[in-house]
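# Reading the structure
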Amino acid sequence: MASGATLTIDPGTVIKGETGTGTNSKALIDSQGGRIIAEGTATLPIFYTYINDQITPEQVAAGNFKSPNLSPTQQGLWGGLIILGNAKISASATSVQMEGIPTSETATYGGTNDDDDSGILRHVSIRHTGTDIGTGNEIQALSLGGVGRGTIIENIDIVCSKDDGVEFFGGAVNVTNVLVWNVGDDGLDTDQGYSGTVTNFLVITPGGSALELDGPEGAPLANGNHTFNKGYIYGCTDYLVDCDDDTNVDITNIYFNGVPSGDTLVASIADVIAAGSTISNWQYTMNSSYNASAVFYEVPATVLTSVAENAFTTGFDASVFSWTWASQSGELSNLGL
């Protein structure tokens with residue numbers, strides 16, 4: 001979508017992406033200066049999915065948001081949604097090309113306007129994404145490059161991306177109510193000096209880290225830290241929270257549950273705190289294979305509280321995800337949510 005253009009998508013619309021790998025990968029790109037207005041509702045969400053998904057607008061209108069033929073574990077069937085803005089990033093230049101997108105395509109992001117407006121995403125489900133662009137290089141379900149805080153992103157359902165659920169490449173956009181389920185890599189990933197806030201998030205069984213939080217790639221920005229607040233993290237293959245030494249992040253009101261034995265937080269959490277990040281009110285549920293001192297290595301004891309399963313007091317609200325595939329499939333009820 002070119003600069004100056006606006007794409008408006010009606011509630012209940014189902015958008016399907018073609019298959020393809022490498023240079024034939026298919027993704028929807030909202031370029032710098034463009035706006036995408038995708039305002040679904042809890043009863044009529046908007047869906048971005050694979051071309052062979054048999055879900056229809058009629059099915060959506062009837063209140064059935066599950067795919068009739070695809071499972072919630074089928075990853076990498078098409079590209080994903082990429083939004084590119086003019087907010088500040090910390091990279092090799094003020095504006096750079098989105099990773100994995102050929103330079104023949106206009107896919108630059110970054111600038112000087114943290115109030116930039118790339119549109120609205122509300123009650124949007126993004127499914128079966130992450131097609132291979134090259135070896136070890138896939139498109140995230142939702143890529144946000146230099147997206148400004150004038151953009152509204154609320155109530156997002158990410159299911160079975162082969163790569164990350166949502167990746168923030170700098171920018172200052174705030175995201176509220178995001179669920180990430182069955183992704184092949186990280187649940188929520190931040191890079192390049194992201195400075196916004198993610199509030200009320202749920203990450204379920206990611207293939208990588210639940211939170212992959214990287215620091216600036218160039219000079220640190222003057223924007224301060226980004227924030228994760230009111231989160232529920234269930235299960236993990238890699239780290240629960242993986243930070244660089246210089247990650248600019250505040251993490252508060254998080255509950256960890258279903259953690260496999262041997263998972264941990266990287267040792268750099270102490271470096272992050274020393275560099276000016278804050279962490280507070282981390283709650284977790286103990287089980288027989290759970291070595292809390294190893295899992296939460298270098299996390300101050302004053303931050304941690306052991307609670308009975310789902311007896312968290314973090315402010316996390318699961319009720320806002322009642323419209324998602326995870327809810328309709330019974331996955332949330334299986335977690336006791």
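As a reminder, the structure under discussion sits directly above these lines.
Residues numbered from 1 in each chain as written. Predicted model: local features only at pLDDT ≥ 70, side-chain atom pairs only at ≥ 80, totals over all residues. Heavy atoms only, no water.

A few words now on the side chain of Thr 252. The residue Thr 252 is located in strand S21 (residues 249–257) in this model. Thr 252 has contacts with Phe 228, Asn 229, Lys 230, Ser 280, Asn 281 and Trp 282, leaving out every residue within four places of it along the chain. (Helix = DSSP H or I, 4+ residues; strand = E, 2+ residues; numbered from the N terminus. Contact = heavy atoms within 4.5 Å.)

As a further point, take the pattern of salt bridges. Under the criterion given, the structure shown has 5 salt bridges. Where Glu 39 meets Arg 122, a salt bridge forms, and the shortest distance between an N and an O atom there is 2.7 Å. With Glu 39 in strand S4 (residues 35–39) and Arg 122 in strand S9 (residues 119–127), this residue pair connects regions lying 83 residues apart in the sequence. We note a salt bridge from Arg 149 to Asp 115, for which the minimum N-O separation is 2.9 Å. Taken together, the positions of Arg 149 in the loop between strand S12 (142–145) and strand S13 (152–159) and Asp 115 in the loop between strand S8 (108–109) and S9 put the pair 34 residues apart, joining distant regions of the chain. What emerges from the salt-bridge pattern is a single network uniting Glu 39, Arg 122 and Glu 154. (Salt bridge = Lys/Arg side-chain N within 4 Å of Asp/Glu carboxyl O.)

All right, on to the sheet that holds strand S14 (residues 166–169) then. As summarised here, the arrangement of the 7 strands in space is S3-S6-S12-S14-S16-S18-S20, forming an open sheet in which the pairing is parallel. Each of the sheet's edge strands pairs with one partner strand only, and the pair in question is strand S3 (28–30) and strand S20 (241–243). Averaged over all neighbouring strand pairs, the angle between strand axes comes to 10°, with direction disregarded. Strand direction decides the pairing type here: strand S16 (residues 188–191) and strand S18 (residues 211–213), joined by 3 bridges, are parallel. Bridging across to S18, Leu 188 finds its partner in Leu 211. (Pairing = 2+ DSSP bridges. Axes fitted to C-alpha atoms, helices over the stretch in contact; angles between N-to-C directions.)

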